[in-house]
Amino acid sequence: MDPEKSVYSYFSDTMLLKYLKQGDREAFDEIFNRYWKKLYNNAYKRLKDKDLVESVVQEVYFNLWKEKESQKIHKLLPYLLSSLRSNVLKLYREGKAGPFFERGLKYIMLASIHDGVN
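What you are looking at is a predicted structure, and each value in this text was computed from that prediction instead of being measured.

**Q** Is there a simple way to think about unusual backbone geometry in this case?
**A** Even without glycine at this site, Lys-48 takes up a positive phi of about 55°. Within the secondary structure layout, Lys-48 lies in the loop between helix H2 (25–47) and helix H3 (50–66). We classify Lys-48 as partly exposed; its relative accessible area is 35%.

**Q** What is the right way to read the packing of helix H1 (residues 13–21) against H2 from this model?
**A** Angle between the axes and distance between the axes are the two parameters that describe a pair of packed helices. Packing of H1 against H2 brings their axes to within 8 Å, and their N-to-C directions diverge by 140°. The orientation of H1 with respect to H2, classified from their angle, is oblique. Crossing angle aside, the handedness with which H1 passes H2 is left-handed. Together, Asp-13, Leu-16, Tyr-19 and Leu-20 of H1 and Ala-27, Phe-28, Glu-30, Ile-31, Arg-34 and Tyr-35 of H2 make up the contact between the two elements. Class assignment for the residues of the contact of H1 with H2 results in 7 nonpolar, no polar and 3 charged.

**Q** How should the packing of aromatic side chains be read in this particular structure?
**A** Working definition: an aromatic ring pair is given by the centre-to-centre distance plus the angle between the planes. Applying the stated criterion across every chain, the model contains 9 aromatic pairs. Ring geometry for Phe-11 against Tyr-19: centres 5.6 Å apart, planes inclined by 25°, an arrangement best described as stacked. With a relative accessible area of 24%, Tyr-19 lands in the partly exposed category. Seen from their ring centres, Phe-28 and Tyr-61 are 6.0 Å apart, and the 90° between their planes marks the pair as edge-to-face. Remark: Tyr-61 occurs in helix H3 and Phe-28 occurs in helix H2; sequence separation between them is 33 residues. By the burial criterion, Phe-28 is buried, and Tyr-61 matches it. Through a chain of ring-to-ring contacts, three or more aromatic side chains come together here, namely Phe-28, Phe-32, Trp-36, Tyr-40, Tyr-44, Tyr-61 and Trp-65. A cation sits over an aromatic face here: Arg-25 above Trp-65, 5.9 Å from the ring centre.

**Q** It is not clear to me how the packing of H2 against H3 should be interpreted in this structure. Could you clarify?
**A** Close contact between H2 and H3 brings their axes to 9 Å; oriented N to C, the two are set at 145°. Between H2 and H3 lies a crossing of right-handed hand. Facing H2, whose interface residues are Arg-25, Phe-28, Ile-31, Phe-32, Tyr-35, Trp-36, Leu-39, Tyr-40, Ala-43, Tyr-44 and Leu-47, H3 presents Lys-50, Leu-52, Val-53, Glu-54, Val-56, Val-57, Val-60, Tyr-61, Leu-64 and Trp-65. Tallied by class, residues from the contact of H2 with H3 come to 18 nonpolar, no polar and 3 charged.

Calculation criteria
- Residues numbered from 1 in each chain as written.
- Predicted model: local features only at pLDDT ≥ 70, side-chain atom pairs only at ≥ 80, totals over all residues.
- Heavy atoms only, no water.
- Helix = DSSP H or I, 4+ residues; strand = E, 2+ residues; numbered from the N terminus.
- Buried < 20%, exposed > 50% of the residue type's maximum accessible area, 1.4 Å probe, protein only.
- Axes fitted to C-alpha atoms, helices over the stretch in contact; angles between N-to-C directions.
- Parallel < 35°, antiparallel > 145°, perpendicular 65-115°, else oblique.
- Left-handed = near helix turned anticlockwise from the far one by under 90°.
- Contact = heavy atoms within 4.5 Å.
- Nonpolar A, V, L, I, M, F, W, Y, C, P; charged D, E, K, R; others polar.
- Phe/Tyr/Trp six-rings, centres within 6.5 Å; stacked < 30°, edge-to-face > 60°.
- Lys NZ or Arg CZ within 6 Å of the ring centre and 35° of its normal.

Laid out in structure tokens, this is it:
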């Protein structure tokens, strides 16, 4: 065993969820360490704003801890990504952010019209 790693780093997601539901802070920390980069990168692709991305990822983990006893989570990463998408969509609806890809689509559409392609 690597002396730098926590014993929790060797646990499966299922085991981490079991301990998380019991209020185990180290299990939560391992979940955070295991997945925060994936969530951050996923959010950044959609928002392109570091502050909004950090806020959205923080909200995902805050809700995970807050609802740890009542959530029915079967697969951890899909749950976290789904929660992240919900938070991003909430920002879109509130007008605090917009889908980043739309800027590129507008350009493509204008280029197509200019070139006579429909």
